[in-house]
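One letter stands for each residue in the lines below.
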Amino acid sequence: MRILIVDDERMISEWMQYCIEKHPDCQVVGCAKNGEEALELFRKMTPDVVFTDIKMPVMDGIELCRHIKEDMRTSHIPVILLTAKDTLQDK
């Protein structure tokens, strides 16, 4: 499984990458610090799944998800939204 990690917190991204790479069937194909960078990587790497933070600078995870889901060629790819916030009002 090819995975794209998107989070503006470097330590979180590194921890996720470390955990994912412990599984032999999983490969991190890229890490991005915002949705804009992630969309560029997504288009180049075509991952099987995206793990993204919701709140990030430049483009947030919800907008990234919209871009992925609006394209019929990639709308089937799962996007897992992550957050430490307890409400979307914090967005």
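Residues numbered from 1 in each chain as written. Predicted model: local features only at pLDDT ≥ 70, side-chain atom pairs only at ≥ 80, totals over all residues. Heavy atoms only, no water.

**Examining the sheet that holds strand β2 (residues 27-32)**
So, step 1. The four strands are arranged β2-β1-β3-β4 in an open sheet whose pairing can be described as parallel. Single-partner strands in this sheet number two, and they are β2 and β4 (79-82). Shown here is a sheet whose adjacent strand axes are inclined to one another by a mean of 15°, direction ignored.
So, step 2. Two elements, strand β3 (residues 49-53) and β4, share four bridges in a ladder whose sense is parallel. (Pairing = 2+ DSSP bridges. Helix = DSSP H or I, 4+ residues; strand = E, 2+ residues; numbered from the N terminus. Axes fitted to C-alpha atoms, helices over the stretch in contact; angles between N-to-C directions.)

**Digging into the nonpolar core**
When a protein is soluble and globular, its nonpolar side chains tend to lie buried together.
So, step 1. Counting 14 residues, the largest nonpolar core has L4, V6, A38, F42, V50, L64 and I68 as its most contacted members.
So, step 2. Put simply, the parts of the chain that give this core at least two residues each are β1 (2-6), α2 (35-45) and α3 (61-70).
So, step 3. I3, M16, V28 and V49 belong to the second-largest nonpolar core, a separate cluster that totals six residues. (Core = buried A, V, L, I, M, F, W, Y, C linked by side-chain atoms within 4.5 Å. Buried < 20%, exposed > 50% of the residue type's maximum accessible area, 1.4 Å probe, protein only.)

**What to know about the packing of α2 against α3**
So, step 1. It is the contact of α2 with α3, at a shortest axis distance of 9 Å, that shows an interaxial angle of 25°. As far as their axial angle goes, α3 and α2 are roughly parallel. Crossing hand, α2 versus α3: right-handed. For the pair α2 and α3, the contacting residues are G35, A38, L39 and F42 in the first and L64, H67 and I68 in the second.
So, step 2. Here the contact of α2 with α3 is composed, by residue class, of five nonpolar, two polar and no charged. (Parallel < 35°, antiparallel > 145°, perpendicular 65-115°, else oblique. Left-handed = near helix turned anticlockwise from the far one by under 90°. Contact = heavy atoms within 4.5 Å. Nonpolar A, V, L, I, M, F, W, Y, C, P; charged D, E, K, R; others polar.)

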